[in-house]
Amino acid sequence: MTPGKKLQGLVAATITPMTPDGQINLSVIRQYVDYLVTEQNVKNVFVNGTTGEGLSLNIQERKQLAEEWVCQGKDKLDHVIIHVGALSLPESQELAQHAAAIGASGIAVIAPFFFKPTNKDELIAFLQKVASEAPAVPFYYYHIPLLTGVKIRVEGLLDGIKERIPTFQGVKFSDTDLLDLAQCINKNEREQFAFLYGVDEQLLSALAIGADGAVGSTYNYLGRQTNLMLQAFAKPDLALARKYQFLTGEFLSFVIKLGFGVAQTKAVMTFVSGIPMGPPRLPLVDASEEFIVKAKAKLDSIVWPDGD
Ligand SMILES: CC(=O)N[C@@H]([C@@H](O)[C@H](O)[C@H](O)CO)[C@@H](O)CC(=O)C(=O)O
């Protein structure tokens, strides 16, 4: 891992591999790391988040996964960010301490979503209590209002946040409110924070307003193509960048119509990478055979601009 290197580019929101009987399957994580690096050119991971079913795992499982990713990512990955958010503050603090002890390159925290913070001060108070348990580890707020129901705008959260949370490093912004994102970036004059976008189907729009990179589920299996989009954007060759975005959008809008979530992501990753991701944990249920056949046919039918 590369200490101190600003987080940018693509970050794969990792899937949690499971055995057919629903136990976490640590044995494939080494292969998973190699696959991301060599086949997808993705060298950053975000572990135990939404895609990783982090909130459906127990504390012990979350620690084991964090340890395995840090261990297998050593000398191969640039950043291993561990999501340590939980409904219970002490659990979140315990996970933050653990992430620090194992040498994670960052931690992230989602807003608590059963008893919810009702304003930014309550949210910051919670985040601060977690961040302070890992005082040397970069801290990211994980904003995903569609799932948490916590709709506090991030722009307001940034005011004075560095004084409250000295390790604050940026935001994983998983929302379609690009005005809020734009205002965050506009405020970030000294570019001290990283803004990582989390709605993969509209990443290009976020790049246009200055996002530093992206965290998402599709970078597990479309990382190579999305990296080519990032390169085209940087060149700049906007027409080419759009082609990549339109094609990933074509795939995603197809699967979203079929019903797409973490279970389906596990199935897609299994057929694309050949690494068994296993079933999701209840209340999520396995993708249907019909979904798998249709999603595979759709992905195979796409001709990417680089001819692959
Ligand atoms: C709601 C959701 O799962 N969003 C995904 C996206 O990558 C999403 O799968 C993608 O944009 C396809 O809709 C990420 O933002 C989640 C994520 O990064 C995570 O797993 O922590």
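Residues numbered from 1 in each chain as written. Predicted model: local features only at pLDDT ≥ 70, side-chain atom pairs only at ≥ 80, totals over all residues. Heavy atoms only, no water.

Attention shifts here to the packing of aromatic side chains. Under the defined criterion, the tally for this structure stands at 8 aromatic pairs. Ring geometry for Y32 and W69: centres 4.8 Å apart, planes at 70 degrees, overall edge-to-face. Of this pair, Y32 sits in helix α1 (residues 29-40) while W69 sits in helix α2 (residues 59-73), and the two are 37 residues apart along the sequence. The exposure class of W69 is buried, given its relative accessible area of 0%. The side chain of K172 reaches across the aromatic face of F46, ending 5.3 Å from its centre. (Phe/Tyr/Trp six-rings, centres within 6.5 Å; stacked < 30°, edge-to-face > 60°. Helix = DSSP H or I, 4+ residues; strand = E, 2+ residues; numbered from the N terminus. Buried < 20%, exposed > 50% of the residue type's maximum accessible area, 1.4 Å probe, protein only. Lys NZ or Arg CZ within 6 Å of the ring centre and 35° of its normal.)

When the UniProt feature table is mapped onto this chain numbering, "binding site: pyruvate" (unreviewed entry) sits at T51 and V215. Across 165 residues of sequence, these annotated residues stay compact in space, with a maximum C-alpha separation of 10.5 Å. Set against the second largest cavity, the annotated residues that line it come down to V215. Relative to the assigned elements, T51 resides in the loop between β2 (44-47) and α2. With relative accessibility at 8%, the residue T51 sits in the buried group. With near-sequence residues (within four places) excluded, T51 lies in contact with A13, T14, I15, T16, S217, V262 and T265. (UniProt positions renumbered as here; feature names shortened; annotations may be inferred. 1 Å grid on protein atoms, 1.4 Å probe; cavity = no way out; pocket = protein on both sides within 12 Å on 5 of 7 lines; lining within 4 Å. Contact = heavy atoms within 4.5 Å.)

Looking now at the site of the ligand. Around the ligand sit 16 residues in total, of which T51, K172, G198, E201 and S217 are the nearest. A distance of 2.8 Å separates an oxygen atom of the ligand from a polar side-chain atom of Y142. G198 is positioned with one of its backbone polar atoms (N or O) 2.7 Å from an oxygen atom of the ligand. Out of a free accessible area of 490 Å², the ligand has 85% covered by protein chains. According to the grid-proximity analysis, the pocket containing the ligand is the largest pocket. Taken together, the residues of the shell around the ligand sort by class into 6 nonpolar, 7 polar and 3 charged. (Near = heavy atom within 4 Å. Polar contact = N/O pair within 3.5 Å; in protein donor to acceptor, adjacent residues only side chain to side chain. Areas by Shrake-Rupley, 256 points an atom, 1.4 Å probe, with all protein chains shown as cover. Sits in = over half its atoms within 2 Å of the grid points. Nonpolar A, V, L, I, M, F, W, Y, C, P; charged D, E, K, R; others polar.)

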